[in-house]
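# Observations on chain architecture
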Amino acid sequence: MNIAASPVAPKGKAAAQRASYAEQSPELLKKFIELLGATREGSIEEPIRDLVAVRAAQMNGCTFCLDMHVKQAKIHGERELRLYHLAAWRDSTLFVPRERAALAWTEVLTKLPEQGVPDEIYDRVRSQLSEKEISDLTFVVMAVNSWNRLNIGFKPVPGSGDAKFGLSKAALS
């Protein structure tokens, strides 16, 4: 993965290259990738994992992750219109109750309220997902938010991993 700094630097300043977390912490990265792989084997289906990944990246402002997850979602068959509506999912008619529950859970765990997760949100999510699914979804959200924090910190260039990760197939570059 290319971990070069963002190509856009403040006026008058050169973009600084940041360290590569893949090179600096290879064993930790390996374990983290194993966690990500385990979330793919859980009870949460790929289309919802894709929506969760895109929404968390939007909320966290992770351009690298947003770029990657939108491309992955498109490759996995997600409709572009739903991706356009994702930031306003509450007002869109394009999402089913199960997806809405997953998105609500993603948002509350991504931006934790000071008093924690309200019972009302948990109960609403629980009306659409089993306890096992909520638990598995929580690990998906944790992994996505962790990736966002890594990539925000180290600023890889959006699209720089497209060839390596097979994302050129999305035809969005």
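Here's a quick rundown of the structure. No experiment lies behind these values; they were computed from the predicted model shown. (Residues numbered from 1 in each chain as written. Predicted model: local features only at pLDDT ≥ 70, side-chain atom pairs only at ≥ 80, totals over all residues. Heavy atoms only, no water.)

The next point concerns the environment of Val117. Looking at the secondary structure, you find Val117 in the loop between α6 (97–110) and α7 (119–126). Taking the C-alpha atoms as reference points, Val117 and Ile44, 73 residues apart in sequence, are found 20 Å from one another. Setting aside chain neighbours within four positions, we find Val117 in contact with Trp105, Val108, Leu109 and Leu112. (Helix = DSSP H or I, 4+ residues; strand = E, 2+ residues; numbered from the N terminus. Contact = heavy atoms within 4.5 Å.)

On to the nonpolar core. Core analysis: the largest hydrophobic core is formed by 17 residues, its most contacted members being Val52, Trp105, Val125, Leu129 and Leu137. Breaking this core down by element, the ones donating at least two residues are α3 (46–60), α6, α7 and α8 (131–154). No other element matches the five residues that α8 contributes to this core. For Leu137, the contacting residues outside a window of four places in its chain are Ile44, Val52, Ala102, Trp105 and Leu129. With nine residues, the next largest nonpolar core counts Ala73, Phe95, Leu103 and Ala104 among its residues. (Core = buried A, V, L, I, M, F, W, Y, C linked by side-chain atoms within 4.5 Å. Buried < 20%, exposed > 50% of the residue type's maximum accessible area, 1.4 Å probe, protein only.)

Time to look at the packing of aromatic side chains. Tallied over the entire structure, the rule returns four aromatic pairs. Look at Phe32 and Trp147: their rings are 4.7 Å apart centre to centre, the planes differ by 50 degrees, and that puts the pair in the tilted class. Of the two residues, Phe32 is situated in helix α2 (residues 26–40) and Trp147 in helix α8; the sequence distance between them amounts to 115 residues. The class for Phe32 is buried, based on a relative accessible area of 17%. With a relative accessible area of 13%, Trp147 lands in the buried category. Taken together, the ring pairs connect Tyr21, Phe32, Trp147 and Phe154 into an aromatic cluster. (Phe/Tyr/Trp six-rings, centres within 6.5 Å; stacked < 30°, edge-to-face > 60°.)

The quantities given are spatial measurements derived from coordinates; they are silent on function.
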